[in-house]
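Given next are the chains, with one letter for each unit.
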Amino acid sequence: MEKSMKKKNWLGIISCLMACMLLLSACGGTNSGNQSNGKTADNGAANEDLFNAVGSYPIVKEPMTIKMFAPQFASIENMDTNLFTKHLEEKTNINIAWDLVPENALNDRKQLMLAGGDYPEVILQGNLTKEEQMKYGAQGVFIPLNDLIDQYAPNIKKAMEDIPYMKASITTPDGNIYALPQVNECYHCDNALKMWINKKWLDQVGLPVPTTTDEFYTVLKAFKEKDPNGNGKQDELPLTGSDEMWAGNVSAFLMNSFILDDYVDKGSGTFLRVMDGKVDFTANKEEWKQGLLYLNQLYKEGLIDPAAFTQNADAVQQMANREPDNIMGTLSTALISYAYSMDDKAPRHKDYVALPPLKGPNGVQQTLNFAGIAVSQFAITNKATKEQQIAAIRLADYLYTEEAIVLQEYGPEGKGWRKAESGEKGMDGKQAKYTAIPIPDKKPTHNDGWEQIGPSLRTYAYRASWTAPQDPLAPDGYGTRLNKVSEEYEPYQSKEQYPSGLFIALEDAELVAQIKTTLVDYVKSNMAQFITGSKDINKEWDAYVKGLDGMQLNQYLEIYQKALDAGK
């Protein structure tokens, strides 16, 4: 009898435990805020009745709260009361619970929270590297966005169709999209490899703007020998630059007249090209040697500023503004504004014109195209319920609209901007759509908009739709000037350039980064020695090329080939 009672008691306890476990399991299925184990917060179907039709607003019929991670810009007063936050919440019926971090601490905080599992439903702006997208996508922390985009995000979908590089730049090797970018097309940025030449000096020495490397050599000789600044001294620096400036490497512009060179400033460069679908290394080719011989000739004859290999941007500015006489003939950089303030306080900037890509001895005439997406911003994590996932992707889709972009960046209509009047023209010379309103006595902080936080779509057409001076030398005509230069450069964009923004497979990323660092350092070190003459190009070229063989060059090429093939 006692045995029987004990057996019944144990059966009762087990039954109770099983019931409790089932109850806890059921409760856990709806608690979206505490999961970080790689599974989505709610594996059931979404309740579509909570939403208005795609493309109509508000997005959700009843208020929904989503927690979002973002930087706190020092220039923005309060993200809760921010006018664009208020507009977005009223437009969508989605309330944002902010998880903010100081802008300069964003990367550290991001890495800690993702590694520790203490992250919100949405990362609005996370500067998410390609490695992070792959890593946290594979772990299930970031959910795939492909189906959500296809079903609920027509603006994002259209952007991927319209912008040729976008889809490949955000699709990981497993075929999934885990994060959305800020598409920030900038015409003059994409044509950053520029050379600025002193037109006043050209007129002084009686020479036209050069079109070939031979003509450029003749011009630099004249700058050095014919006293174009008219002070009776041979103090002119025919050609200068700085690796510390954007596209300021003094040799890249000229090397591209021989063979493709993508090392334009410190931290850039792969020395790769693509020919007939095959990845190839450029810095060991005969054309590279020819380019080095040309640059060595310029240096040997005192036509390249020796400081160009070591100086920073501040040194360039001091040199360019030296009084009483200008000593700068030609400057390699994306922006002449590195040297001058673009106003009448420094009128020297008006003396310079951009030098079109030069034709080399073998007929090569090319420049680089820097369009692409390096990092992404927006991701939905596995903390989000199905309903939050749909709401979040639809909110991101709204952020890709022109309405959202204008309000986000310039604040309310009538305060930071207005609709353009008839006859007001954009940088492309066509009728503008928007005109910025100057803000007198502008304060260091504001609460009108987000500036550029979160995913967004600023296309070439959008940028050109803002009223701009038609005179490129007007006090506020610098943007027009840069865009006109880009129009001259665009026809020469290289067809061989390795595509930017492609994913390197996660298992290859660390190795290829190590190989790349070694290769780039080796090439740049030898390049400087060859140009300055501390190494004899003809005598030591073969040893230099042989030295590359011991640096895993073949493996380097294989990994980049794999990434290229995967991105097609």
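Computed from a predicted structure; not experimentally measured.

So what exactly am I meant to see when it comes to the overall build of the chain here?
Looking only at helices and strands, the chain features 20 helices and 14 strands. C-alpha atoms of the chain, sized along the principal axes, occupy 120 × 60 × 35 Å. Relative to its full complement of 568 residues, the chain shows a buried share of 50%. Contacts in the chain between residues far apart in sequence, at least 24 positions, make up 75% of those at least 6 positions apart. Side-chain charges in the chain split into 57 positive and 75 negative, and the spacing between the mean points of these groups amounts to 3 Å.

Help me understand the nonpolar core in this model?
Inside soluble globular proteins, nonpolar side chains tend to come together where they are buried. Counting 89 residues, the largest nonpolar core has Phe216, Leu254, Phe281 and Trp288 as its most contacted members. The dominant element in this core, judged by the number of residues it contributes, is helix H18 (residues 506-532), at ten residues. If near-sequence neighbours (up to four positions away) are discounted, Trp288 is found in contact with Met255, Ile259, Leu260, Asp261, Phe271, Thr282, Ala283, Val523, Met527, Trp541 and Tyr544. Grouped together as the second largest cluster of nonpolar side chains are 58 residues, Ile66, Leu148, Tyr398 and Tyr400 included.

Help me understand the state of the cysteines in this model?
Counted according to the given criterion, the structure contains one disulfide. Sulfur-sulfur distance for the disulfide between Cys186 and Cys189 comes to 2.0 Å. Across the S-S bond of Cys186 and Cys189 the torsion is about 65°, and the bridge reads as right-handed. By relative accessible area, which is 9% here, Cys186 ends up buried.

Mind showing me how you'd approach the pattern of salt bridges here?
Where side chains of opposite charge bring their charged atoms close, a pairing between them can arise. Counting across every chain of the model gives 23 salt bridges. Here Glu496 ties to Arg273 by a salt bridge, and the two come within 3.7 Å at their closest N and O atoms. A residue pair is termed long-range when its members are at least 10 positions apart, and Glu496 in the loop between helix H17 (478-489) and H18 and Arg273 in strand S7 (residues 272-275) qualify at 223 residues. By relative accessible area, Glu496 is classed as partly exposed at 24%. Between Glu402 and Lys433 there is a salt bridge, with its nearest N and O atoms 2.6 Å apart. Residue Glu402 is found in helix H15 (residues 402-410), and its partner Lys433 is found in the loop between strand S12 (417-419) and strand S13 (434-436); the two are separated by 31 residues along the sequence. Salt bridges sharing partners connect three or more residues here, namely Arg273, Asp280, Lys285 and Glu496.

For this particular structure, what's the right way to read the confidence of the model for the chain?
A low pLDDT score tells you not to read the predicted coordinates there in detail. Chain-level statistics for the chain give a pLDDT mean of 91 and a share of 92% at 70 or above. When the criterion is pLDDT under 50, residues 1-41 qualifies, and its contacts beyond four places in sequence or with other chains add up to 30 contacts.

Looking at this structure, how should I read the sheet that holds strand S2 (residues 94-102)?
Paired through their backbone hydrogen bonds, the strands of a sheet run either parallel or antiparallel. Read from one edge of the open sheet, four strands run S2-S1-S3-S11, paired in mixed fashion. For this open sheet the edge positions go to S2 and strand S11 (379-380), each flanked by a neighbour on one side alone. Two strands pair when backbone bridges link them, and strand S1 (residues 64-72) and S2 are joined in this way by nine bridges, in the parallel orientation. Bridge pairing in S2 links Thr65 to Asn95. Those strands touched by helix H14 (residues 386-399) are S1, S2, strand S3 (122-123) and S11, and its axis lies near 50° from that of S1.

How should empty space enclosed by the protein be read in this particular structure?
If you roll a probe as big as a water molecule over the atoms, it shows you where there is empty space left. Scanning the entire structure with this criterion turns up one cavity of 30 Å³ or more. One number sums up the size of the largest cavity: a volume of about 40 Å³. Leu193, Phe253, Asn256, Pro357, Leu358, Gln366 and Thr367 are the residues that line the largest cavity. Of the residues assigned to the lining of the largest cavity, the class counts are four nonpolar, three polar and no charged.

Help me out: how do you make sense of the environment of Gly230 in this one?
Within the secondary structure layout, Gly230 lies in the loop between helix H10 (213-225) and strand S6 (237-241). The class for Gly230 is exposed, based on a relative accessible area of 57%. For the pair formed by Gly230 and Asn326, sequence separation is 96 residues and the distance between their alpha carbons is 9.6 Å.

Could you clarify how one ought to interpret unusual backbone geometry in this entry?
The phi torsion of most residues other than glycine is negative, and most of the peptide bonds are trans. Pro58 follows Tyr57 through a cis peptide bond whose omega is 0°. Cis geometry is adopted by the peptide bond preceding Pro324, which originates at Glu323 and carries an omega value of 0°. The topology assignment puts Pro324 in the loop between helix H13 (313-320) and strand S9 (328-332). Even without being glycine, Asn127 reaches a positive phi, approximately 45°. Non-glycine residue Asp441 carries a positive phi angle of around 50°. Tracing the sequence through the fold places Asp441 in the loop between S13 and strand S14 (456-458). Classification of Asp441 as exposed rests on a relative accessible area of 75%.

What exactly am I supposed to notice about the packing of helix H12 (residues 286-300) against helix H19 (residues 537-549) here?
When two helices pack together, you describe them by how their axes are tilted relative to each other and by the distance separating the axes. With their axes 12 Å apart at the nearest point, H12 and H19 run at an angle of 145° to one another. Crossing angle aside, the handedness with which H12 passes H19 is right-handed. Mapping the contact onto sequence places Trp288, Lys289, Leu292, Leu293 and Asn296 in H12 and Ile537, Asn538, Trp541 and Tyr544 in H19. Looking at the contact of H12 with H19 residue by residue, the classes come out as six nonpolar, two polar and one charged.

Just to check I follow, could you spell out H12 for this structure?
An α-helix turns once every 3.6 residues. As a result, residues three or four positions apart point the same way. For H12, spanning 15 residues, the distance from its first C-alpha to its last is 21 Å, which sits close to the expected 21 Å at 1.5 Å a residue. Buried within H12 are the following residues: Trp288, Lys289, Gly291, Leu292, Tyr294, Leu295, Asn296 and Leu298. Residues of H12 that are buried sit in contact with H10, helix H11 (252-255), H18 and H19.

Mind showing me how you'd approach the sheet that holds strand S5 (residues 195-198) here?
Strand order in the open sheet made by the four strands is S6-S9-S5-S10, with mixed pairing throughout. On the outer flanks of this sheet lie S6 and strand S10 (352-354), each paired with one strand and no other. Within the sheet, the average angular offset between the axes of one strand and its neighbour, ignoring direction, is 25°.

What is the right way to read the side chain of Asp235 from this model?
Mapped onto the elements of the fold, Asp235 is located in the loop between H10 and S6. In this structure Asp235 comes out as buried when scored by relative accessible area, which is 17%. In terms of polar contacts, Asp235 uses its side chain to reach the side chain of Asn231, at 2.7 Å. Discounting chain neighbours no more than four positions away, the residues touching Asp235 are Asn229, Arg322 and Ile327.

Quick notes on the rules
Residues numbered from 1 in each chain as written. Predicted model: local features only at pLDDT ≥ 70, side-chain atom pairs only at ≥ 80, totals over all residues. Heavy atoms only, no water. Helix = DSSP H or I, 4+ residues; strand = E, 2+ residues; numbered from the N terminus. Buried < 20%, exposed > 50% of the residue type's maximum accessible area, 1.4 Å probe, protein only. Contact = heavy atoms within 4.5 Å. Lys, Arg positive; Asp, Glu negative; His and termini not counted. Charge placed at Lys NZ, Arg CZ, Asp CG, Glu CD. Core = buried A, V, L, I, M, F, W, Y, C linked by side-chain atoms within 4.5 Å. Disulfide = S-S within 2.5 Å. Salt bridge = Lys/Arg side-chain N within 4 Å of Asp/Glu carboxyl O. pLDDT = per-residue confidence, 0-100. Pairing = 2+ DSSP bridges. Axes fitted to C-alpha atoms, helices over the stretch in contact; angles between N-to-C directions. 1 Å grid on protein atoms, 1.4 Å probe; cavity = no way out; pocket = protein on both sides within 12 Å on 5 of 7 lines; lining within 4 Å. Points joined across faces, edges and corners; volume = space filled by probe spheres on them. Nonpolar A, V, L, I, M, F, W, Y, C, P; charged D, E, K, R; others polar. Left-handed = near helix turned anticlockwise from the far one by under 90°. Expected span 1.5 Å × (residues − 1). Polar contact = N/O pair within 3.5 Å; in protein donor to acceptor, adjacent residues only side chain to side chain.

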